[in-house]
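Below are the chains, spelled out letter by letter.
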Amino acid sequence: MTISPLMPVYGRCEVAPVRGDGCYLYDAQGREWLDMASGIAVNCLGHGHPHLVQAIQKQAATLMHTSNLYKAPAQEHLAQRLVDLTFADTVFFTNSGAEAIECSVKTVFAYHYATGNPHKHRIITFSNAFHGRTLATISATDQEKLRKGFEPLPDWFKVVPFDDLAAAEAAIDDTVGAFMVEPIQGEGGIRPASPEFLQGLRALADKHGLLLILDEVQCGVARTGHLFAHEMYGVTPDIMAIAKGIGGGFPVGACLATEKAAAGMVVGTHGSTYGGNPLAMAACEAVLDIVTEPDFLLQVREMGARLTQALEQMIPNHDTLFESVRGHGLMLGLKLKSDSRAFVGHARSHGILAVAAGDNVMRLLPPLTIGEKQIRECVERLSEAARSYQPAVAA
Ligand SMILES: *Cc1c(COP(=O)(O)O)cnc(C)c1O
C-alpha cells in the first residue's frame, strides 16, 4: 500500500502547528510563526481568544448538538442578530462556505421556480472566482485546476470576465436567474471589484428580474474593516454566503437572504444535520460580540492602513521581488514579480505564514486583533526573507 491513511489531496508544507496564542502558532518543538494567514481568513480573533474559548467550553458542557427536528433557540437568536445587522430577513446555517454557496444557489433556483420562471436556471459567475470545492461550486468557476478531472460538470453557470460589466450584461438571456460574485476575489488574488462593476450588477439584476448573490465567505465578517464588504460599495445583495471568519475557527457558515429572494425556500426544500448546532451558534455569537464592539471595525481599518503603508515602504527596497499592495482592511495582497507560492514557502522559513493566491499574490490575512508590534514584525520578517531570496529563474 502506498497511499497515505490521510487522503493525499493536499500538498502540505512542513509546518506542523500544535498550539496557538493570539497571532502566533507553535509546533511541538516550540518553533514560532507569525500567523498572517489565520487559517485562510478564519481565525479572525486570533488563536485562543478567551471570549471565544469560554463560549465554546461553556456551550460544549451545556448542549452540543440536538437536531433541526426540534426548535432551535440558539439559531433563532443568532439569525435575529444577523438580520438586525444586515440587509437580510432570513438565515440558513451551514457547516462551511461551500454549503453556504450551495444554499444560495438553491435559493435562486427555488425563487424562480416559485415565481413561475423555472427556466431561469443559470447563474452568471466570473473568471478566477472561487466558491468552494463541492461539485456545484467548482462548476461555478472557470479555474482549470479546480475543474480538471471532474468534467462534465453541470452547466448551471455562465462564466464571464471579472469586473467587466459589458460582458455580464451580454451574457444575460432568458435562462439566467442571478449573478454570483465575490466583492473582493480572495483565491483569485485579492482582486477588489470596482464600485461601478458591483453597482452595475445590482442595476442589471433589478432591470432583468435577476437575483444578486454575494460570496462574502472570505471578505465578510469585518475582514475589510466593514462588517461586510458590500457595505463599502453601497450595494445590497439579495443573497449572501458567509463562513470562515464568522466562526473564528469553528466550522460554520450561513446563507442570508431577503424575504423576497427566499420565497421558494419553504418547508422541505433544504436541510442539514449539523447546520446551526448549538456549539456552532455559540462560536458565532462570541465572534459577533467582539467584531460589533464599538471601534472594532475602526481598529481593523487602522491596522490595515498601517500594514499597507509599511508594506509600501518596504517594496522599493526589494523592487525586483515585490510589485504592489492591494486590498481593503486586513484582506491584503502583496503582488510579486515572480511565483508567489515559492516566496510564501521561503517566508515560512523566516517565521511568517501567509497564503499564496492567483496572479502571483501573497495574501496577508492576519487575525483582526493584530497590533502594531506584529505589523512591525511582519514587515521585518518579510524584508529578511526578501533579502535572502533567490527567485527560481524560468527555464
Ligand atoms: C473559502 C471560500 C469558499 C469555500 O468555503 P469552504 O468553507 O472551504 O467550503 C467559498 N467562497 C470563497 C470566496 C472562499 O474564500
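Within each chain, residues carry numbers counting from 1 in the order of the written sequence. Local features are withheld for residues below a pLDDT of 70 in this predicted model, meaning they are given only at 70 or higher, and side-chain atom pairs are given and counted only at 80 or more; totals for whole chains, interfaces and linings count all residues. Each side-chain value is worked out from all heavy atoms of the structure, with water and hydrogens disregarded.

## Describing the packing of aromatic side chains
Point 1. Here a Phe, Tyr or Trp ring, Trp counted by its six-membered ring, pairs with any other such ring whose centre lies within 6.5 Å, and the pair is stacked when the planes are under 30 degrees apart, edge-to-face when over 60, and tilted otherwise. Inspection of the entire model under this criterion finds six aromatic pairs.
Point 2. Considering the side-chain rings of Phe162 and Phe197, the 5.6 Å spacing of their centres and the 70° angle between planes classify their relative orientation as edge-to-face. Of the two residues, Phe162 sits in the loop between β6 (157–160) and α7 (165–170) while Phe197 sits in helix α8 (residues 195–208), which places them 35 residues apart along the sequence.
Point 3. Type-normalised accessible area, obtained with a 1.4 Å probe on protein chains alone, sets the label of each residue: buried when under 20%, exposed when over 50%, and partly exposed for intermediate values. A relative accessible area of 15% means that Phe162 is categorised as buried.
Point 4. Look at Phe197 and you get buried, because its relative accessible area is 1%.
Point 5. Consider the rings of Phe343 and Tyr389, whose centres lie 5.0 Å apart with planes at 75°: the pair is edge-to-face. Of this pair, Phe343 sits in helix α12 (residues 340–348) while Tyr389 sits in the segment after α13 (372–387), placing them 46 residues apart in sequence.
Point 6. With a relative accessible area of 0%, Phe343 lands in the buried category.
Point 7. Residue class for Tyr389 comes out buried when judged on its relative accessible area of 12%.
Point 8. Every member of this aromatic cluster is reached through a ring pair, and the members are Phe109, Trp156 and Phe157.
Point 9. Over a ring means this: the NZ of a Lys or the CZ of an Arg is within 6 Å of the ring centre and within 35 degrees of the ring normal. Seen from the ring of Tyr26, Arg19 lies directly overhead, with NZ or CZ sitting 4.3 Å from the centre. Runs of E in the DSSP output that reach at least two residues are strands. Runs of H or I that reach at least four are helices, and both are numbered from the N terminus.

## Looking at the UniProt feature "binding site: pyridoxal 5'-phosphate" (unreviewed entry) in the chain
Point 1. UniProt positions are given in the numbering used here, feature names are shortened, and annotations may be inferred rather than shown by experiment. With numbering aligned to this structure, UniProt lists the feature "binding site: pyridoxal 5'-phosphate" (unreviewed entry) at Gly97, Ala98, Phe130, Asp215, Glu216, Val217, Gln218 and Thr273. A maximum C-alpha distance of 25.2 Å is found for the annotated residues, which run over 177 residues; spatially they are spread out rather than grouped.
Point 2. Within the fold, Val217 resides in the loop between β10 (211–215) and α9 (229–233).
Point 3. Residue Val217 is classed as buried on the basis of its relative accessible area of 9%.
Point 4. The contact partners of Val217, leaving out residues within four places of it in the chain, are Gly97, Ala241, Ile242, Ala243 and Lys244.
Point 5. Summarising the element assignment, Gln218 is placed in the loop between β10 and α9.
Point 6. Residue contacts follow a heavy-atom distance rule, with two residues in contact if any of their heavy atoms lie within 4.5 Å. Apart from the residues within four sequence positions on either side, Gln218 is in contact with Ile40, Ala41, Gly186, Glu187, Arg223, Lys244, Met331, Arg363 and Leu365.

## Considering the environment of Leu25
Point 1. Assignment of secondary structure puts Leu25 in strand β2 (residues 24–27).
Point 2. Separated by 350 residues in sequence, Leu25 and Ile375 have C-alpha atoms that sit 16 Å apart.
Point 3. With sequence-adjacent residues up to four places away left out, Leu25 is seen in contact with Pro17, Arg19, Gly20, Arg31, Glu32, Trp33, Asp35, His47 and Leu353.

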